[in-house]
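# Chains, contacts and geometry: an overview
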Amino acid sequence: MKLETLTQVNAERAARRPVIVITDTANGDQRLVKAKDMATDPLAAELSKQLRMGKSGMIESGGKKLFLNVYAPTARLVIVGAVHISQALAPLARSLDYDVTVVDPRTAFASPERFPDVPLIAEWPDVALPPLNIDHYTAFVAVTHDPKIDDPALRHAFECDCFYIGALGSRKTHAKRAERLKAQGASDADIARIHAPIGLSIGAVSPSEIAVSIMAEITAELRLPKETAKVQAA
Amino acid sequence: MLNRDEDILQAAENWQKAGHGVALATVVETWGSAPRPAGSSLVINDDGTFLGSVSGGCVEGAVVTEALDVIASGKPKMLEFGVADETAWNVGLSCGGTIRVFVEKVGQS
């Protein structure tokens with residue numbers, strides 16, 4: 001591997017941008033494909049598939065055996081609301097290798113006793129969220145049930161490229177929320193990004209079960225091809 | 001795990017820039033119950049210092065030895081370890097899987 005290639009891999013990873021290194025294992029020939037160039041690469045279909053799965057592996061192309069080494073950023077989950085569901089959601093997400101952050105301005109909720117070992121930010125969304133640099137490898141959920149907290153949090157999420165936005169509440173609650181957010185300047189496209197009611201429909205009752213349904217929906221959004229993910233959610 | 005791999009590659013870059021000969025060994029294929037997935041890597045410098053893992057400890061010793069050859073020659077190598085391979089058995093891939101490890105020099109032109 002050229003030093004230049006290694007330096008670029010490290011720079012992309014530090015910036016939380018995915019990168020794939022393609023190696024011809026017969027002779028060591030190598031090239032690096034950055035996220036922005038993947039769609040136009042001759043191997044676009046293979047690159048897209050491996051990246052979505054976050055998996056490295058061998059492929060055969062043009063009679064060559066190529067190793068695709070996928071460097072995908074660690075997925076993150078930002079939870080707004082240090083509520084009961086979050087107490088189940090945070091450890092579940094961590095077991096799925098997500099970096100988890102919990103935000104809630106109410107210090108009685110955002111306490112280390114309730115969330116051992118989870119980074120907690122006891123600030124309002126407008127203070128807490130911008131420094132988190134929410135990016136494409138971030139899933140975002142708003143679960144406080146309190147518009148004073150959830151609404152500004154969701155408005156921040158709309159400005160970000162996060163791969164998933166979910167918000168707790170029934171269809172009725174969500175319809176009211178959509179009205180409020182639109183009055184605050186959100187577009188229909190923004191509202192359409194919200195998964196609500198949150199989570200896959202699996203009849204979840206307890207906080208732990210709701211956490212499973214949320215993580216199932218986030219997993220589908222992360223791993224399934226875009227069109228399939230929409231069909232599943234419908 | 002990803003964060004740790006990131007540190008490994010950063011270490012490789014730092015070693016190289018500090019004037020060390022450096023090799024990168026990467027799991028490219030696995031069969032059976034291999035302990036580490038494709039893409040797992042080990043970086044080795046010319047002191048024999050290494051970071052990371054390609055097998056959870058089973059074959060690292062053998063990979064390091066080969067890596068020192070690769071640093072000297074500059075030529076990449078494909079290594080294969082598995083239960084059917086006597087050498088591999090000797091170095092102890094006892095978990096019953098087979099892995100292929102691609103070893104390359106960092107800084108080759």
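Residues numbered from 1 in each chain as written. Chains lettered and ligands numbered in written order. Predicted model: local features only at pLDDT ≥ 70, side-chain atom pairs only at ≥ 80, totals over all residues.

- In the annotation of an unreviewed UniProt entry, chain B is listed under the name XdhC/CoxI family protein and assigned to Bradyrhizobium valentinum.

### A look at the overall build of chain B
- In terms of helices and strands, chain B carries three helices and five strands.
- Reading chain B from its N terminus to its C terminus gives the helix and strand order α-β-β-β-α-β-α-β.
- Classification of the 109 residues of chain B by burial places 45% in the buried group.
- A fraction of 54% describes how many contacts in chain B between residues 6 or more apart in sequence connect residues 24 or more apart. (Helix = DSSP H or I, 4+ residues; strand = E, 2+ residues; numbered from the N terminus. Buried ≥ 20, exposed ≤ 12 C-beta atoms within 10 Å, placed from the backbone. Contact = placed C-beta atoms within 7 Å.)

### Some words on helix α5 (residues 147-158) of chain A
All names here are of chain A.
- Here α5 is twelve residues long and its end C-alpha atoms lie 16 Å apart, about the 16 Å a rise of 1.5 Å per residue gives.
- All of the buried residues along α5 are Ile 149, Asp 150, Ala 153, Leu 154, His 156 and Ala 157. Angular distribution of buried residues about the axis of α5 spans 155 degrees; they occupy a single face of the element.
- Taken together, the buried residues of α5 touch β5 (76-80), α4 (125-128), β8 (138-142), β9 (164-167), α6 (171-183) and β10 (194-195). (Expected span 1.5 Å × (residues − 1). Arc of directions from axis to C-beta.)

### A look at the confidence of the model for chain B
- Within chain B, residue pLDDT values average 83, and 80% of them lie at 70 or more.
- For this predicted complex, the interface score ipTM comes out at 0.81, while the overall pTM is 0.82. (pLDDT = per-residue confidence, 0-100.)

### Details of the interface of chain B and chain A
- Listed per partner, the contact involves 22 residues of chain B and 18 residues of chain A.
- Breaking the side of chain B that touches chain A down by element, the ones donating at least two residues are α1 (2-17), β1 (22-31) and β5 (98-106) of chain B.
- By residue number, the principal contributor to the side of chain B that touches chain A is α1 of chain B, which donates eight residues.
- In terms of residue class, the side of chain B that touches chain A is made up of ten nonpolar, eight polar and four charged. (Nonpolar A, V, L, I, M, F, W, Y, C, P; charged D, E, K, R; others polar.)

### Some remarks on the sheet that holds strand β4 (residues 77-82) of chain B
All names here are of chain B.
- The strand order across the open sheet formed by five strands is β3-β2-β1-β5-β4, and the pairing between neighbours is antiparallel. The sheet is open, and its two edges are formed by β3 (50-52) and β4, each paired on a single side. The sheet shows a mean angle of 20 degrees between the axes of neighbouring strands, direction not considered.
- Pairing analysis gives six bridges linking β4 to β5, with the strands arranged antiparallel. Bridging from a neighbouring strand, Lys 77 pairs with Val 103 of β5.
- Here helix α2 (residues 60-73) sits on the sheet in contact with β1, β2 (41-45), β3, β4 and β5, set at roughly 30 degrees to β5. (Pairing = 2+ DSSP bridges. Axes fitted to C-alpha atoms, helices over the stretch in contact; angles between N-to-C directions.)

### A word on the sheet that holds strand β1 (residues 19-24) of chain A
Residues and elements named next belong to chain A.
- Taken together, four strands build an open sheet; the order of strands is β2-β1-β4-β3 and the sheet is antiparallel. The strands lining the two open edges of the sheet, one partner per strand, are β2 (30-34) and β3 (57-61). For this sheet, the mean angle separating the axes of adjacent strands, direction not counted, is 25 degrees.
- Sheet analysis places β1 next to strand β4 (residues 64-71), joined by six bridges and oriented antiparallel. When the sheet's bridge partners are listed, Ile 20 is paired in β4 with Val 70.
- On top of the sheet, helix α2 (residues 44-53) reaches β1, β2, β3 and β4; it is set at about 40 degrees to β4, its chief contact.

### Structural notes on the pairing of β4 of chain A
- When β3 of chain A meets β4 of chain A, the two strands line up antiparallel, connected through five bridges. Within the sheet, the bridge partner assigned to Gly 57 of chain A lies in β4 of chain A and is Leu 68 of chain A.

### Considering the packing of α5 of chain A against α6 of chain A
All names here are of chain A.
- One way to put it is that α5 packs onto α6 with a least axis distance of 11 Å and a crossing angle of 60 degrees. By the angle class used here, α5 and α6 are oblique. Handedness of the crossing formed by α5 with α6: right-handed. On α6, the residues that touch Pro 147, Asp 151, Leu 154 and Arg 155 of α5 are Arg 177, Arg 180 and Leu 181.
- Here the residues of the contact of α5 with α6 sort into three nonpolar, no polar and four charged. (Parallel < 35°, antiparallel > 145°, perpendicular 65-115°, else oblique. Left-handed = near helix turned anticlockwise from the far one by under 90°.)

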